[in-house]
Amino acid sequence: MNVVIDRDLCIGCGICEQSCPETFRMGEDGLAYVIESDPPVEEYSDVQGCAEMCPTAAIAVTAE
């Protein structure tokens, strides 16, 4: 799994960090950052859920 955030789409709502703090973190600029681009297998469904909940579809999850 590979996780990326489109910084042009992110509005900094924080849903991703609240749901998956081991993968996402809010930066000082108020936007989300991926801190673990290849999360452990047991977190895949949570990370995919974050991507689906993102109001601007800024989170992309792809298979490696």
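Keep in mind that this is a model prediction, so the values were computed, not measured. (Residues numbered from 1 in each chain as written. Predicted model: local features only at pLDDT ≥ 70, side-chain atom pairs only at ≥ 80, totals over all residues. Heavy atoms only, no water.)

Trainee: Quick one: what's the story with the packing of aromatic side chains, residue by residue and with numbers?
Mentor: As enumerated under the stated definition, the model contains 0 aromatic pairs in all. Here Arg-7 stacks its cationic end above the ring of Tyr-33, 3.9 Å away from the centre of that ring. (Phe/Tyr/Trp six-rings, centres within 6.5 Å; stacked < 30°, edge-to-face > 60°. Lys NZ or Arg CZ within 6 Å of the ring centre and 35° of its normal.)

Trainee: Would you mind going over the pattern of salt bridges in detail, with residue names and values included?
Mentor: Tallied over the entire structure, the rule returns 2 salt bridges. Residue Arg-7 is joined to Asp-29 by a salt bridge in which the shortest nitrogen-to-oxygen separation is 2.7 Å. In this pair, Arg-7 is assigned in the loop between β1 (2–5) and α1 (15–19) and Asp-29 in the loop between β2 (24–26) and β3 (32–34), connecting sequence segments 22 residues apart. Residue classification places Asp-29 among the partly exposed residues on the basis of a relative accessible area of 44%. A salt bridge links Glu-17 to Arg-25, with the nearest nitrogen and oxygen atoms 3.6 Å apart. Since its relative accessible area comes to 37%, Arg-25 is described here as partly exposed. (Salt bridge = Lys/Arg side-chain N within 4 Å of Asp/Glu carboxyl O. Helix = DSSP H or I, 4+ residues; strand = E, 2+ residues; numbered from the N terminus. Buried < 20%, exposed > 50% of the residue type's maximum accessible area, 1.4 Å probe, protein only.)

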